[in-house]
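# Coordinates in review
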Amino acid sequence: MREPDELAHYARGSPRDSNSLGGSTATPEHDRHGAKQPYRFDPARAGALDDRARFAYLPPAELFALLGAPKGSTVVDFGTGTGTYAIELARERPDLRVVALDEQQAMLDNLLAKLAPAPVKNLHVVMARTPAARALEGKVERVLAINVLHELGDEALEELLALPGRGGRILLVDWNAAAEREVGPPRDHVYAPKEAADRLVGTGFKVEGEKLFRYHYALWGR
Ligand SMILES: C[S@@+](CC[C@H](N)C(=O)[O-])C[C@H]1O[C@@H](n2cnc3c(N)ncnc32)[C@H](O)[C@@H]1O
């Protein structure tokens, strides 16, 4: 797939220049109607996303196997945060073009700062709802969304669902409201797997599989 003109690669141009992330730092606040969690992730807590203890209960290798990205394909990590899983994926699969997408500049700045000393050539950073993000609609082979569904209002969910092209697939992984856990958001801010599946099916999404992790569920489909 051709790289969209405005898709900035952090390793080219000036990563700290917000215009390089698709033309706008200030993405308009979405109508959050439909979101299970009433607020967005606070960038002040970004450090928690970099805690590698997460890999024990949500192993990257298992997620990437579920994702099943075809060789040479484009994968969008929707709501990438500090890019913890996007970086792992890009390093493990140099054949892929991994797009790390988020709606908060502070999160992407955090990711860019991590990449500065250790560039990853096949990882691209994109701000949500910019021309660069829109250029991806209907063109990507896989979408990964980790710990994001509960934050998405209906409009944002539609944006996520619009990304895959023909034959494309989405893997959503999120905290399980039904799991006993001392980590993660409050129970009433997240979904139980059936609730999540019902919300997705209500949009026309076809769930093709489900897997439970210690604290998370994964749902995939198209
Ligand atoms: C809990 S964090 C998870 C980050 C990352 N996926 C991880 O597991 O490390 C959720 C992220 O989703 C982002 N987000 C929420 N709504 C979004 C939207 N509509 N478009 C893009 N990113 C969004 C937030 O800014 C935040 O960085």
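Relevant structure appears above.
Keep in mind it's a predicted model, so treat the numbers as computed, not measured.

Parameters and conventions
- Residues numbered from 1 in each chain as written.
- Predicted model: local features only at pLDDT ≥ 70, side-chain atom pairs only at ≥ 80, totals over all residues.
- Core = buried A, V, L, I, M, F, W, Y, C linked by C-beta atoms within 7 Å.
- Buried ≥ 20, exposed ≤ 12 C-beta atoms within 10 Å, placed from the backbone.
- Contact = placed C-beta atoms within 7 Å.
- Near = placed C-beta within 6 Å.
- Helix = DSSP H or I, 4+ residues; strand = E, 2+ residues; numbered from the N terminus.
- Nonpolar A, V, L, I, M, F, W, Y, C, P; charged D, E, K, R; others polar.
- Pairing = 2+ DSSP bridges.
- Arc of directions from axis to C-beta.

### Considering the nonpolar core
In this structure, Val-75, Val-76, Val-98, Val-143, Leu-144 and Ala-145 are the most contacted members of the largest nonpolar core, which totals 57 residues. In this view, Leu-144 contacts Leu-67, Val-75, Asp-77, Phe-78, Tyr-85 and Leu-171; residues no more than four positions away in its chain are not counted.

### Some words on the site of the ligand
The local shell around the ligand holds 22 residues, among which Gly-79, Gly-81, Glu-103, Ile-146 and Ala-156 are the closest. Of all the secondary structure elements, the ones that give two or more residues to the shell around the ligand are helix H4 (84-92) and strand E2 (97-102). When the residues that make up the shell around the ligand are grouped by side-chain class, the tally is 11 nonpolar, seven polar and four charged.

### A short note on the environment of Val-190
Turning to its location among the elements, Val-190 is positioned in the loop between strand E5 (164-175) and helix H8 (193-201). Look at Val-190 and you get buried, because 25 C-beta atoms sit within 10 Å. Taking the C-alpha atoms as reference, Val-190 lies 5.5 Å from Ala-177; in sequence the two are 13 residues apart. Apart from the residues lying within four places of it in its own chain, the contact partners of Val-190 are Lys-36, His-150, Asp-174, Trp-175, Ala-177 and Pro-185.

### What about the pairing of strand E7 (residues 216-221)?
Here E7 lies mainly inside the structure; five of its six residues are buried. Where E5 lies against E7, six bridges are found, and the strand directions are antiparallel. Paired with Leu-172 across the bridge in E7 is Leu-219. Strand direction decides the pairing type here: strand E6 (residues 207-212) and E7, joined by five bridges, are antiparallel.

### Concerning H4
The buried fraction of H4 amounts to seven of the nine residues, a majority that puts the element mostly inside the structure. Among the residues making up H4, those that are buried are Thr-84, Tyr-85, Ala-86, Ile-87, Glu-88, Leu-89 and Ala-90. Buried residues in H4 make contact with helix H1 (46-49), helix H3 (60-67), strand E1 (74-78), E2, strand E3 (123-127) and strand E4 (140-146).

### Structural notes on helix H7 (residues 154-161)
Of the positions making up H7, those classed as buried are Ala-156, Leu-157, Glu-159 and Leu-160. The buried side chains of H7 occupy one side of the element, clustering within an arc of 155° when seen end-on. Where the residues of H7 are buried, they touch E1 and E4.

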